[in-house]
Amino acid sequence: MSSRSSFEELATLFEGSGTSGAERAYRKALDKLTTILVEEGILHAVHLKRKNITRKKKEIATAIYLYQVDFDGEWGEIYFDFVNQVAEIQQLAEWDRMISKIFAKKAICYMQNNSMLINLKELEIPFFL
């Protein structure tokens, strides 16, 4: 912790940036904090990375996301049909039915309940179990 930047140093570093720069800095800091808390075993997280999309009238109709549980191991795949509000797990991460399936289902619920997240290419979703 002593080697990390203080809040004052971060504020100085991003002082000249606009709203989008501040938002990126906030998101990066939040992602880093999530990674640290996962490494410490305090919480769990699903990392989603968009692999493929199809559009219908300039709107994202379907998407395939890769997902990884706790930033470790192999990636799985989740298919989303945003038009029909349908999602399914196409491939489990690490072929693990006990843990990976639980996190994939939580990620699906999270994405379906937060329509603004559709446009993000990458996303980290923290969870407490």
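> For this particular structure, what's the right way to read the environment of D96?
Tracing the sequence through the fold places D96 in the loop between β4 (86-91) and α3 (100-113). As a C-alpha pair, D96 and G76 span 20 residues in sequence and 9.8 Å in three-dimensional space.

> Before we go on, may I ask you to explain the packing of aromatic side chains in this structure?
Two descriptors summarise a pair of aromatic rings, namely the distance from one centre to the other and the angle between the planes of the rings. In the structure shown here, the tally under the stated rule is three aromatic pairs. Judged by centre distance (5.5 Å) and plane angle (90°), the rings of Y65 and F80 are edge-to-face. Here Y65 is found in strand β2 (residues 59-69), whereas its partner F80 is found in strand β3 (residues 76-81), with 15 residues between them in sequence. Each member of the pair, Y65 together with F80, is buried. Taking 6.3 Å as the distance between ring centres and 55° as the angle between the ring planes, the aromatic pair formed by F103 and F127 counts as tilted. One end of the pair, F103, is in helix α3; the other, F127, is in strand β5 (residues 122-127), and 24 residues separate them in sequence. Both residues of the pair, F103 and F127, count as buried. Taken together, the ring pairs connect Y65, F80 and F82 into an aromatic cluster.

What counts and what doesn't
Residues numbered from 1 in each chain as written. Predicted model: local features only at pLDDT ≥ 70, side-chain atom pairs only at ≥ 80, totals over all residues. Heavy atoms only, no water. Helix = DSSP H or I, 4+ residues; strand = E, 2+ residues; numbered from the N terminus. Phe/Tyr/Trp six-rings, centres within 6.5 Å; stacked < 30°, edge-to-face > 60°. Buried < 20%, exposed > 50% of the residue type's maximum accessible area, 1.4 Å probe, protein only.

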